[in-house]
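# Close look at the chain arrangement
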Amino acid sequence: MELAYIPSPSSGVIHLGPLPLRGYAFCIILGVFVAVWYGNKRWIARGGKAGTVADISVWAVPFGLVGGRLYHVITDYQLYFSDGKNWVDAFKIWEGGLGIWGAIAFGAVGAWIGCRRRGIPLPAYADAIAPAIVLAQAIGRWGNWFNQELYGKATDLPWAVEISDGVNREGGTYHPTFLYESLWCVGVALLVVWADRRFKLGHGRAFALYVAAYCVGRSWIEYMRVDEAHHVLGLRLNVWTAIIVFVLAVVYIVISARTRPGREELVEPDRETLRKDGKDGKDKTEDGVEDGDAKVRTEKGDEPETVGAGADADTDAESSSDAAAAKNV
């Protein structure tokens, strides 16, 4: 008899007054809001403008959702396209099923589009929002608790999660892998924040650290899960994905630190005061005056007088004085 365990919700639906909201979707939405809020604070601290993170998330979030769902459907195609399954269920994202690998990859594409439109370097943006993303993952994992899915092996530990009888699942108490991953993600966020402050990480290295640290935790947590999954050489597919992505992230950190040390000084240029001339590439001010034609204004605020014009006036004055002296002689 289990003395203690984590009970699962009797229903996966949260009622906000008359509005029903699935717990899985609620966790995803809450995670996005937290990520935008915290990402905005870190972006401003890096020298960016308020609201930029929200603007770029308009691109990144939809791309991430599509990518996460595609990865899940492709790697677990048997759930939707095998005999007796309905392929329409592949579009029912609210029932669960988002692959973080696809979400980050496609989300990065959306973020790149948003950054490019604003003239922002993607690596600097990625460094700023890395801890915010992993906190969103920590919150989103609780959606699995609402759906009673992705749990680990059976256990009688006090923090085991209770799973009720259902389709393709047997009631009992199991390792709450959703909780393990959620706590791991919080730890990764703290690690990235600390390392970023301590070493002034730049050029995408804070984001790469987040990816590498997450992969370490995902490897052993994935190994504990008992849900159906494809295996390659005796390991679950997601374990291999975590190993490969971990290696790539570490290689990037090493190469980036050698080739581009330090941190970006400018993360978000002021497009209102700096414009580019498409013909000669010279910087111009809002008045359209080239920097090479520097202006000098009088102390009284008179009309601007170019340096070249002033020099010519001095030359003319000297010539007049010489002519007057010659006449007097």
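The structure contained in this document is the topic of the report that follows. (Residues numbered from 1 in each chain as written. Predicted model: local features only at pLDDT ≥ 70, side-chain atom pairs only at ≥ 80, totals over all residues. Heavy atoms only, no water.)

### Digging into the packing of helix H7 (residues 177–199) against helix H8 (residues 205–224)
What describes two packed helices is the angle between their axes and the distance between those same axes. Here H7 crosses H8 at 160°, and the two axes come no closer than 9 Å. Classified by the angle their axes make, H7 and H8 are roughly antiparallel. Handedness of the crossing formed by H7 with H8: right-handed. Each of Thr177, Tyr180, Glu181, Trp184, Cys185, Val188, Leu191, Val192, Ala195 and Asp196 in H7 lies in contact with H8, whose residues at this interface are Ala206, Leu209, Tyr210, Ala213, Tyr214, Val216, Gly217, Arg218, Trp220, Ile221 and Met224. Of the residues belonging to the contact of H7 with H8, the class tally is 16 nonpolar, 2 polar and 3 charged. (Axes fitted to C-alpha atoms, helices over the stretch in contact; angles between N-to-C directions. Helix = DSSP H or I, 4+ residues; strand = E, 2+ residues; numbered from the N terminus. Parallel < 35°, antiparallel > 145°, perpendicular 65-115°, else oblique. Left-handed = near helix turned anticlockwise from the far one by under 90°. Contact = heavy atoms within 4.5 Å. Nonpolar A, V, L, I, M, F, W, Y, C, P; charged D, E, K, R; others polar.)

### Thoughts on the pattern of salt bridges
Scanning the model with the defined rule gives 12 salt bridges in all. Arginine 263 is the salt-bridge partner of aspartate 196, the closest N and O atoms lying 2.6 Å from each other. Separated by 67 residues along the polypeptide, aspartate 196 in helix H7 and arginine 263 in the loop between helix H9 (237–259) and strand E7 (275–276) bring together distant segments of the chain. Close ionic contact of aspartate 227 with arginine 225 constitutes a salt bridge, the shortest N to O distance being 3.1 Å. Each of Arg141, Glu181, Arg218, Glu222, Arg225, Asp227 and Arg236 takes part in one network of salt bridges that share partners. (Salt bridge = Lys/Arg side-chain N within 4 Å of Asp/Glu carboxyl O.)

### What about H8?
The end-to-end C-alpha distance of H8 is 29 Å, a good match for the 28 Å that 20 residues give at a rise of 1.5 Å each. Most of H8 sits out of view: 17 of its 20 residues are buried. (Expected span 1.5 Å × (residues − 1). Buried < 20%, exposed > 50% of the residue type's maximum accessible area, 1.4 Å probe, protein only.)

### Things to note about H9
Its 23 residues give H9 an end-to-end C-alpha distance of 33 Å, which sits within 8% of 33 Å, the value for a rise of 1.5 Å per residue. Those residues of H9 that sit buried are Asn238, Val239, Thr241, Ala242, Ala249 and Ser256. Here the buried face of H9 lies against helix H2 (52–75), helix H4 (100–118), H8 and strand E6 (235–236).

### Looking at the nonpolar core
By size, the foremost hydrophobic cluster in this structure holds 38 residues, and its most contacted members are Trp43, Trp101, Tyr125, Val192, Phe207 and Tyr210. Residue assignment for this core shows that the elements contributing at least two residues are H2, H4, helix H5 (122–140), H7, H8 and H9. Excluding residues that lie within four positions of it along the chain, tryptophan 101 makes contacts with Tyr71, Tyr214, Cys215, Arg218, Asn238, Thr241, Ala242 and Val245. Core analysis: the second largest hydrophobic core is formed by 9 residues, Val161, Ile163, Tyr174 and Leu179 among them. (Core = buried A, V, L, I, M, F, W, Y, C linked by side-chain atoms within 4.5 Å.)

### Here's the deal with the packing of aromatic side chains
Throughout the structure, instances matching the rule amount to 13 aromatic pairs. Each ring, one from tryptophan 37 and one from tyrosine 38, has its centre 6.2 Å from the other, and the planes form 35°; the classification is tilted. Here tryptophan 37 falls in the exposed class, since its relative accessible area comes to 54%. Here a set of aromatic residues connected by ring pairs shows up, and it is made of Trp142, Trp145, Phe146 and Phe178. (Phe/Tyr/Trp six-rings, centres within 6.5 Å; stacked < 30°, edge-to-face > 60°.)

### Here we look at the packing of H4 against H5
In contact at an axis separation of 12 Å, H4 and H5 are set at 140° when each is read in the N-to-C sense. Classified by the angle between their axes, H4 and H5 sit oblique to one another. Helix-helix and strand crossings are classified by hand; for H4 and H5 the assignment is right-handed. Contact with H4, carried on its side by Ile100, Ile104, Ala108, Ala111, Trp112 and Cys115, involves Leu122, Tyr125, Ile133 and Gln137 of H5 and no other residues of that element.

### Focus: the environment of alanine 154
Considering the arrangement of structural elements, one finds alanine 154 in the loop between helix H6 (142–147) and strand E3 (161–163). In this structure alanine 154 comes out as exposed when scored by relative accessible area, which is 60%. Put simply, alanine 154 and histidine 175 are 21 residues apart on the chain and 6.2 Å apart in space, counted from C-alpha to C-alpha. With residues up to four places along the chain from it excluded, the contact list for alanine 154 reads Thr173, Tyr174 and His175.

Note that all results are geometric; they support no functional claim without further evidence.
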